[in-house]
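What follows is each chain in one-letter form.
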Amino acid sequence: MNRSSKAAAAVLTAAGILAGGWAAAGPSSAVDGAAPPPRERVPWGSVTIPPGRDGIVEASGLSGPALGFGSSLTLTAPSGAKATGVPLATAGYRGEVAADGRTAAYTATSVESPWQTGTFPFVLAVPADAVPGARLDGCVLRLADAGGVERASGGCQVTVGLPSPVLSRPESGVPLGYRPTASGTAYPGAQVTVSDQDGNEVCVDTAGADGGWSCAPGRDLPAGANRLQATATMNGVSASSEQIQVSVGSSSAEASPVPAR
């Protein structure tokens, strides 16, 4: 099938970027679950991760005095999730994950101005039974000097996303009638909307307990080449399938449109 690789890549890694530079820690400096209000000098980040998947939240560089060797950046995982990786490949930092997955940290080992450039990724895993749309509380980021004194802190908003739906029918490259049935799988209970290349709604269904869904257009699709895509929505979060290329009304048996109902 001729499917969009771009859409596939988008669902493999979810990333949240901490906005702005780090600021000095102070009273009520940790933020969890929402963007900081104006003038509150605390970094924050967000990431959306489907159930049973991993995602990455990245901390940006520090603005302010260099903290020196031995300083550390620690992430405390939100409730229900685990830290599973510290994939930074830049020399001068050592990464480690606690055995229980509650925390992960980078420590500066051989850089002159640690934390002032680059980004620092942490991998988080969301359990398979997490409910799409739920917000996992308790994600905290803490920057400390070599003596363990906190110099900056912040939080990250972790939202449970949806797995991408699968659009298995119609198959790409097969000549179609003017009202082709679309079907596939999605997260149980999610509403699935099939759209064409112009974003027009083609048909809608709700995924059953087994994840299966199926729908057909209520009116004829335009003749010729088109692209179809399924989008699942549930509890305020959504995810889209890969696009498929189709050709409508391209066979002699299907040359005449189906009368409108």
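Reading guide: rules and limits
- Residues numbered from 1 in each chain as written.
- Predicted model: local features only at pLDDT ≥ 70, side-chain atom pairs only at ≥ 80, totals over all residues.
- Heavy atoms only, no water.
- Salt bridge = Lys/Arg side-chain N within 4 Å of Asp/Glu carboxyl O.
- Buried < 20%, exposed > 50% of the residue type's maximum accessible area, 1.4 Å probe, protein only.
- Helix = DSSP H or I, 4+ residues; strand = E, 2+ residues; numbered from the N terminus.
- Disulfide = S-S within 2.5 Å.
- Phe/Tyr/Trp six-rings, centres within 6.5 Å; stacked < 30°, edge-to-face > 60°.

**Student:** For this particular structure, what's the right way to read the pattern of salt bridges?
**Tutor:** Between side chains of opposite charge, a pair can form as their charged atoms come close. Throughout the structure, instances matching the rule amount to three salt bridges. For Arg142, the salt bridge goes to Glu150, with nearest N and O atoms at 3.1 Å. With a relative accessible area of 31%, Arg142 lands in the partly exposed category. Classification of Glu150 as partly exposed rests on a relative accessible area of 34%. Among the salt bridges present, the one from Asp145 reaches Arg151, with a minimum N-O distance of 3.4 Å.

**Student:** Help me understand the environment of Leu221 in this model?
**Tutor:** Structurally, Leu221 can be placed in the loop between strand S17 (212-215) and strand S18 (224-234). C-alpha of Leu221 to C-alpha of Val248: the two residues are 27 residues apart in sequence and 7.2 Å apart in space.

**Student:** Even after reading the chapter, I still don't get the state of the cysteines, so can you show me in this structure?
**Tutor:** Two cysteines joined by a covalent bond between their sulfur atoms form a disulfide. For the structure on display, the rule yields two disulfides. Residue Cys139 pairs covalently with Cys156 via a disulfide, S to S 1.6 Å. Taken together, the positions of Cys139 in the loop between strand S9 (135-136) and strand S10 (140-144) and Cys156 in strand S11 (residues 150-160) put the pair 17 residues apart, joining distant regions of the chain. As far as burial versus exposure is concerned, Cys139 and Cys156 are alike and both buried. A sulfur-sulfur distance of 2.1 Å marks the disulfide that ties Cys203 to Cys215. Looking along the S-S bond of the Cys203-Cys215 disulfide, the torsion reads about 50°, which is the right-handed sense. Residue Cys203 is found in strand S16 (residues 201-206), and its partner Cys215 is found in strand S17; the two are separated by 12 residues along the sequence. Exposure remark for Cys203: the relative accessible area of 5% places this residue in the buried category. Regarding the disulfides, the protein carries the connectivity 1-2, 3-4 under sequence-order numbering of its bonded cysteines.

**Student:** I would appreciate a short explanation of the packing of aromatic side chains in the present structure.
**Tutor:** We describe a pair of aromatic rings using the distance from one ring centre to the other and the angle between the two ring planes. In the structure shown here, the tally under the stated rule is five aromatic pairs. Geometrically, the ring pair formed by Tyr106 and Phe120 is tilted, given 6.2 Å between the ring centres and 55° between the ring planes. Here Tyr106, found in strand S7 (residues 103-108), pairs with Phe120, found in strand S8 (residues 120-125); they are 14 residues apart in sequence, far enough to count as distant. What makes Tyr106 buried here is its relative accessible area of 1%.

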